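What follows is the residue order along each chain.
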Amino acid sequence: MSKLLHKPLRVFTLYALVILVLSIPVYYWVVDTIWLKELDVHNKTVEGHIKDGFKNSSLNGRQITDAINIWSRIQPGVKISQVRATDIRKDSVYEVIRPNPYAHEVFERFRGRSTYFYIQGKPYHLSVETNVEETHETMLAIAVVTILFFILLVIGFILLNRKIATTIWQPFKNTLNELKRFDLNSHKSIQLAASDIEEFEELNRVLGKLIDNNIAVYNQQKQFTENASHELQTPLALLKSKIDLLLQNGSFNQQQLALITSLNTPLARVSRINKNLLLLAKIENHQYADEQLIPLNEVLDETIDILSDYALNKQIRIDNLIAEPIMVKGNKHLLEIMLSNLVVNAISHNIEHGSIALAYQAPVFSIANSGLNSLNKDTLFKRFVSASAQTTNSGLGLAIVKEICNRYNWPIDYTFAENQHRFFITFQ
């Protein structure tokens, strides 16, 4: 997965490479055209000097011949020869590739000018040729320069990309960091820094509005849960007392007695769910504010004693492997609830003749129990969702454990390996 800023950088780099590669033949054509025009001007200038020199001279025929020979030797590329009047043609410019007279077996490109003029009434042909820069040398020079500019361009792209990432995108990073730190249970709205970039400022406004709405809905739902749990407490207690009174009345037949007795099971389940919802509401509202150093060993021993009969009925062995004293800072009542729920969960998701092992390796407390199938990690700590299809609990036990861990910033993790469920809590 690549970063957003790297995607346009790759596109820009590829685009620059394509343009620069295509520019090489364009550069060559432009340079070659300019160079040929300069050579044409140079050849025409040489032609003018030669014509003027012979026009203004007062030499005889022998001297003219000697002068032509001398001029051809001292002026490379210049050739003067006498022609017939019928051979005179229009002035022209040409190119030719032939061996260099000064470098044998080396073919080079020459730019020439052909013209005709008269010396003392006799027609002569004049050709002026100039060596053109080697094509491959020109292409090589242009390619090298292009590659150097491409390297500089890429370096510039990278530096600019980093500059943009650290300046222009800084408001986005600030917003992202604030969202990572945001906790719905904190009851605090998110504070997003102002930005002078319109898109980021609009993003911050939309996020702020969305989070405020979520906080409001969350508080309403939490308040409703707390109020409903409080209101249900009294009717549930009255209903249970009425059922107890009916059971004390012996005027029922066996079928009626069994029916009334069966009401206790769902009533106890509803009462337990109601208590757990009240507990969650109190934890979220930070009603357990008092904190102290608590001996974890003592709380754990009390929890094991209370649940030993429950484990014995299911033929499950509990091994407490913690020997060293452990002190934990928090609320004792919440710590008791957390350990109790963890042990109950280990018993519920165990096998016949299974075992539970409690261990501590500073600063990590672990509880492991035997099992056959892994729990669903996606729904493990969600409310009213059972972590396993093999149990019919309310799905609030581990949710309460998670809420208590969040309350004190204790990371909690779960693994399943070698037929062992393991929960790890890091006390910080």
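Structural data are supplied above this passage.
Notes on the structure follow. Keep in mind that this is a model prediction, so the values were computed, not measured.

Glancing now at the overall build of the protein. Across its full length, the protein holds ten helices and eleven strands. For 428 residues, the compact-globule estimate of 2.2 N^0.38 gives 22 Å, and the C-alpha radius of gyration of the protein, at 48 Å, exceeds that figure by more than 25%. Its C-alpha atoms give the protein principal-axis dimensions of roughly 160 × 45 × 45 Å. Within the span of the protein, comprising 428 residues, buried residues form 34% of the whole.

Turning our eyes to something else, we now look at the nonpolar core. Among the nonpolar cores identified, the biggest contains 46 residues, and Met338, Leu342, Phe365, Ile367, Trp410, Phe423 and Phe427 are the most heavily contacted of them. Listing elements by their share of this core, those giving two or more residues are helix 7 (264-284), helix 8 (296-313), helix 9 (332-348), strand 8 (355-361), strand 9 (364-370), helix 10 (397-407), strand 10 (412-417) and strand 11 (420-426). Ranked by residue count, the leading element in this core is helix 9, at nine residues. For Ile367, the residues in contact, after removing those within four places along its chain, are Leu342, Val343, Ala346, Ile356, Ala357, Leu358, His421, Arg422 and Phe423. Residues Ile50, Ile64, Ile68 and Val78 belong to the second largest nonpolar core, which totals twelve residues.

Below, the discussion takes up helix 10. With respect to burial, helix 10 is a largely interior element, eight of its eleven residues being buried. Within helix 10, the full set of buried residues consists of Leu398, Ala399, Ile400, Val401, Glu403, Ile404, Cys405 and Arg407. Where helix 10 ends, the next residue or the one after it, Asn409, has phi of about 60 degrees, a positive value.

Below, the discussion takes up the packing of helix 8 against helix 9. Here helix 8 crosses helix 9 at 40 degrees, and the two axes come no closer than 9 Å. When the interaxial angle is binned, helix 8 and helix 9 end up oblique. For helix 8 against helix 9, the interelement crossing comes out right-handed. Counted together, Leu296, Val299, Leu300, Glu302, Thr303, Leu307, Tyr310 and Ala311 of helix 8 and Lys332, Leu335, Glu336, Leu339, Ser340, Val343, Val344, Ile347 and Ser348 of helix 9 form the full contact between these two elements. Class assignment for the residues of the contact of helix 8 with helix 9 results in eleven nonpolar, three polar and three charged.

Let us look at helix 8. Taking 1.5 Å per residue, 18 residues should reach 26 Å; helix 8 reaches 26 Å between its end C-alpha atoms and fits that length. The sharpest bend along helix 8 comes to roughly 50 degrees, located at Leu307. Following helix 8 by one or two positions, Gln315 has its phi on the positive side, about 55 degrees.

For the peptide bond that leads from Ala362 to Pro363, omega is 0 degrees, which places it in the cis range. Here Pro363 lies in the loop between strand 8 and strand 9. A positive phi is found at Gln120, a non-glycine position, where the angle reads about 50 degrees. Topologically, Gln120 is positioned in the loop between strand 3 (103-119) and strand 4 (122-131). One non-glycine residue, His353, adopts positive backbone phi at about 60 degrees. Within the element layout of this structure, His353 appears in the loop between helix 9 and strand 8.

Packed helices, taken two at a time, are described by the angle their axes make and the gap between the axes. Following both chains from N to C, one finds helix 9 and helix 10 inclined at 140 degrees, their axes separated by 9 Å at the closest point. Taken together, the axes of helix 9 and helix 10 lie oblique to each other. Judged by the sense of rotation from one axis to the other, the crossing of helix 9 with helix 10 is left-handed. Where helix 9 abuts helix 10, its residues Leu334, Ile337, Met338, Asn341, Leu342 and Asn345 lie against Gly397, Leu398, Ile400, Val401, Ile404 and Cys405. For the contact of helix 9 with helix 10, the per-class residue count stands at nine nonpolar, three polar and no charged.

Criteria and thresholds
- Residues numbered from 1 in each chain as written.
- Predicted model: local features only at pLDDT ≥ 70, side-chain atom pairs only at ≥ 80, totals over all residues.
- Heavy atoms only, no water.
- Helix = DSSP H or I, 4+ residues; strand = E, 2+ residues; numbered from the N terminus.
- Rg over C-alpha atoms; globule rule 2.2 N^0.38 Å.
- Buried < 20%, exposed > 50% of the residue type's maximum accessible area, 1.4 Å probe, protein only.
- Core = buried A, V, L, I, M, F, W, Y, C linked by side-chain atoms within 4.5 Å.
- Contact = heavy atoms within 4.5 Å.
- Axes fitted to C-alpha atoms, helices over the stretch in contact; angles between N-to-C directions.
- Parallel < 35°, antiparallel > 145°, perpendicular 65-115°, else oblique.
- Left-handed = near helix turned anticlockwise from the far one by under 90°.
- Nonpolar A, V, L, I, M, F, W, Y, C, P; charged D, E, K, R; others polar.
- Expected span 1.5 Å × (residues − 1).
- Bend = angle between axes of the 7 residues up to and from the residue.

The quantities given are spatial measurements derived from coordinates; they are silent on function.
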